[in-house]
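Residues per chain, in single letters:
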Amino acid sequence: MGRNILATAALAILPLVNAQQPGTLTPEVHPQLPTWKCTTSSGCVQQDTSVVLDWNYRWFHTASGTSCTTSSGLNRTLCPDEATCAQNCVVEGVDYTSSGIATSGSTLTMRQYVKGSNGQTNSVSPRAYLLGSDGNYVMLKLLGQELSFDVDLSTLPCGENAALYLGEMDRTGGRNPYNTGGANYGSGYCDAQCPVQTWNNGTLNTNGQGSCCNEMDILEANARANAFTPHPCANGSCDKGGCGFNPYNRGYTNYYGPGLTLDTSKPFTVITRFITNDGTTSGSLSQIQRVYVQNGKTIPSAAPGGDIISASACSSAASFGGLAGMGQALGRGMVLTFSIWNDASGYMNWLDAGSNGPCSDTEGNPTNILANYPDTHVVFSNIRWGDIGSTVNVPGGGVSSSSSSSTRPSSTTTTLRTSTRPVSTTTVTKITTTTSAASQATQTHWGQCGGQQWTGPTACAPPYACKTQNPWYAQCL
Ligand SMILES: *[C@@H]1O[C@H](CO)[C@@H](O)[C@H](O)[C@H]1NC(C)=O
Ligand SMILES: *[C@@H]1O[C@H](CO)[C@@H](O)[C@H](O)[C@H]1NC(C)=O
Ligand SMILES: *[C@@H]1O[C@H](CO)[C@@H](O)[C@H](O)[C@H]1NC(C)=O
């Protein structure tokens, strides 16, 4: 057990060394998943990264093989406190294949269901994190940067949720003298729903505390619906609902799905840009922009002015630090998290049913999913992050501003409005207003005045001038 649970210090103090041997029944071998870090000046550099399964999915047991957990949490005889627990129990390595996780090259596949050795189907619903070669989580610093990856959601029906998101977990997973494994064993989970877990930041949670932290949902999706959502936190509470962007919910009901504008029957690339007010990696987060690439082409956005969450439109987050607070967390660094799950209580209706998507209220029932889609799985690949415009070499998603502007359709937004315009008159009215504002209004000091997919004002109120920061952002300075 030495690797993960028990401290050298504790070993020295406690004579019961036999109760403290490593949990070696299953060696912990992290599936390799190379990723890329990119800059505009030097291109992309491969990172030596892997994935690690979350701590809560592991067998926690005594040296003799008795489980240290019961149906209602930890066995309090074996784990009355941190030190005794570390003396009695080890956390075990996992078999990744039977946990629903496989990697190959830069591709990560995660399955909802796995066939057990007895031939039965187990719902494994894995959650995993991106781990660095130093045994700590990779801290992605995405303020003023972008993140890209390819995804195949074609086998995910209504009610499934393949998620790729960022949480402000501790880099070491809360590694401490009683939990020497830390991030190497997937510890330290937290998110903006403030889950009350047995462990909190790698230590025993003895006072029922919630594990709250800033969360940026880059993609929560199945083949029928999707959303990206910032959930900032401040002073111990979080914006649990978030101010997300779900195209269907915004009225663009024919945009996302099998055979639609963004065709989810095939893989596509998801680019997410965290634009700051001054174009730097230390400014205030002013916009989160989404761009999709499929079949080598930038797909027109769902919303006419681009699929954008702006600071001003993110009012639900205001009392939690707003988009700026989310940006500060992105600047400090966040842990990349992957999961696939379904939801026996709400059938994931918040993502894909009612006003959020085309699914019925009941088809997301896991019983239905298991019966009809036992093979459901997500494939994430080619994960890259870095300077805006540096991670995807495609016109409009891509590296060079000149090639981007020359090969882009001259009026993406116009094409878009015709093809994906929502039927709702309210939304149409809004679009019209935006359009006329775009051609007439002037932007104020610090405001955005240009960039790809920008349809707002391009002139600045005197005495300010519109300065291009990068192909995606120009600002009145
Ligand atoms: C807790 O562990 C003790 C010691 O191994 C054992 O005797 C007891 O049955 C366990 N309790 C439960 C509820 O499993
Ligand atoms: C989590 O644990 C680590 C290691 O003990 C510690 O440095 C860090 O401050 C903790 N974070 C929080 C939010 O408590
Ligand atoms: C958090 O609390 C501090 C101290 O009370 C306060 O100054 C700050 O404005 C609060 N932050 C938010 C976002 O409410």
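Owing to the predicted nature of the structure, the values given are computational and were not obtained by experimental measurement. (Residues numbered from 1 in each chain as written. Chains lettered and ligands numbered in written order. Predicted model: local features only at pLDDT ≥ 70, side-chain atom pairs only at ≥ 80, totals over all residues. Heavy atoms only, no water.)

Caption draft 1: Focus on the state of the cysteines. The final tally for this structure, using the stated rule, is eight disulfides. Shown here is the disulfide that connects Cys194 with Cys212, its sulfur atoms set 2.0 Å apart. Every disulfide takes its handedness from the sign of the S-S torsion; for Cys194 and Cys212 that torsion is 115°, giving right-handed. Here Cys194 is found in the loop between β15 (161–167) and β16 (199–200), whereas its partner Cys212 is found in the loop between β17 (203–204) and β18 (215–221), with 18 residues between them in sequence. Judged by relative accessible area, which is 14%, Cys194 ranks as buried. Its relative accessible area of 29% is what places Cys212 among the partly exposed residues. (Disulfide = S-S within 2.5 Å. Helix = DSSP H or I, 4+ residues; strand = E, 2+ residues; numbered from the N terminus. Buried < 20%, exposed > 50% of the residue type's maximum accessible area, 1.4 Å probe, protein only.)

Caption draft 2: Representation of the pattern of salt bridges within the structure. Overall, the coordinates contain eight salt bridges when judged by the stated rule. Of the charged contacts in the structure, one is a salt bridge between Arg384 and Asp150, with a shortest N-O distance of 3.8 Å. In this pair, Arg384 sits in strand β29 (residues 377–387) while Asp150 sits in strand β14 (residues 145–152), placing the two residues 234 residues apart along the sequence. Take Arg384: its relative accessible area is 11%, and that puts it in the buried class. Across the salt bridge formed by Asp263 and Lys266, the nearest N and O atoms sit 3.1 Å from each other. For Lys266, a relative accessible area of 39% translates into the label partly exposed. (Salt bridge = Lys/Arg side-chain N within 4 Å of Asp/Glu carboxyl O.)

Caption draft 3: A look at the environment of Glu146. Within the secondary structure layout, Glu146 lies in strand β14. What makes Glu146 buried here is its relative accessible area of 0%. As for Glu146 and Arg384, which are separated by 238 residues in sequence, their C-alpha atoms are 8.4 Å apart. For Glu146, the side chain forms a polar contact with the side chain of Thr391, separated by 2.6 Å. (Polar contact = N/O pair within 3.5 Å; in protein donor to acceptor, adjacent residues only side chain to side chain.)

Caption draft 4: Summary view of the site of ligand 1. Neighbouring ligand 1 are Thr70, Asn75 and Leu78. Measuring from an oxygen atom of ligand 1, one finds a side-chain N or O atom of Asn75 at 2.3 Å. In isolation ligand 1 offers 370 Å² of accessible surface; the protein chains occlude 37% of this area. (Near = heavy atom within 4 Å. Areas by Shrake-Rupley, 256 points an atom, 1.4 Å probe, with all protein chains shown as cover.)

Caption draft 5: Summary view of the packing of aromatic side chains. Using the criterion set out here, one finds 11 aromatic pairs in the structure. Seen from their ring centres, Phe338 and Phe380 are 5.8 Å apart, and the 45° between their planes marks the pair as tilted. Taken together, the residues span a long stretch of sequence, with Phe338 in strand β28 (residues 334–341) and Phe380 in strand β29 at a distance of 42 residues. With respect to burial, Phe338 and Phe380 carry one shared label: buried. Against the face of Tyr189 rests Arg127, its NZ or CZ located 3.4 Å from the ring centre. Geometry around Phe228 places Arg290 over its ring, the cationic atom sitting 4.4 Å from the centre. (Phe/Tyr/Trp six-rings, centres within 6.5 Å; stacked < 30°, edge-to-face > 60°. Lys NZ or Arg CZ within 6 Å of the ring centre and 35° of its normal.)

Caption draft 6: Local environment of the site of ligand 3. Taken together, the residues surrounding ligand 3 are Ala234, Asn235, Ser319 and Gly321. In isolation ligand 3 has 360 Å² of accessible area, and contact with the protein removes 30% of it.

Caption draft 7: Summary view of the side chain of Gln294. Positionally, Gln294 belongs in strand β25 (residues 285–294). Within the structure, the side chain of Gln294 is placed 3.4 Å from the backbone oxygen of Lys266, a separation counted as a polar contact. Leaving out residues up to four positions away in the same chain, Gln294 has contacts with Thr261, Leu262, Asp263, Lys266, Pro267, Phe268 and Ile299. (Contact = heavy atoms within 4.5 Å.)

Caption draft 8: Representation of the pairing of strand β8 (residues 101–104) in the model. Two elements, β8 and strand β9 (residues 107–111), share four bridges in a ladder whose sense is antiparallel. The partner of Thr103 across the bridge, within β9, is Leu108. Linking β8 back to β9 in an antiparallel pair, the connection comprises two residues, with Gly105 at a positive phi of about 55°. (Pairing = 2+ DSSP bridges.)

Caption draft 9: Summary view of the side chain of Gln289. Relative to the assigned elements, Gln289 resides in strand β25. Reaching out from Gln289, the side chain makes a polar contact with the side chain of Gln287 at a distance of 2.9 Å.

Caption draft 10: Expanded view of the environment of Thr198. Within the fold, Thr198 resides in the loop between β15 and β16. A sequence separation of 142 residues divides Thr198 from Asn56, and the C-alpha atoms of the two residues are 8.4 Å apart. Contact partners of Thr198, with chain neighbours within four places excluded, come to Leu74, Thr203, Leu204 and Asn205.

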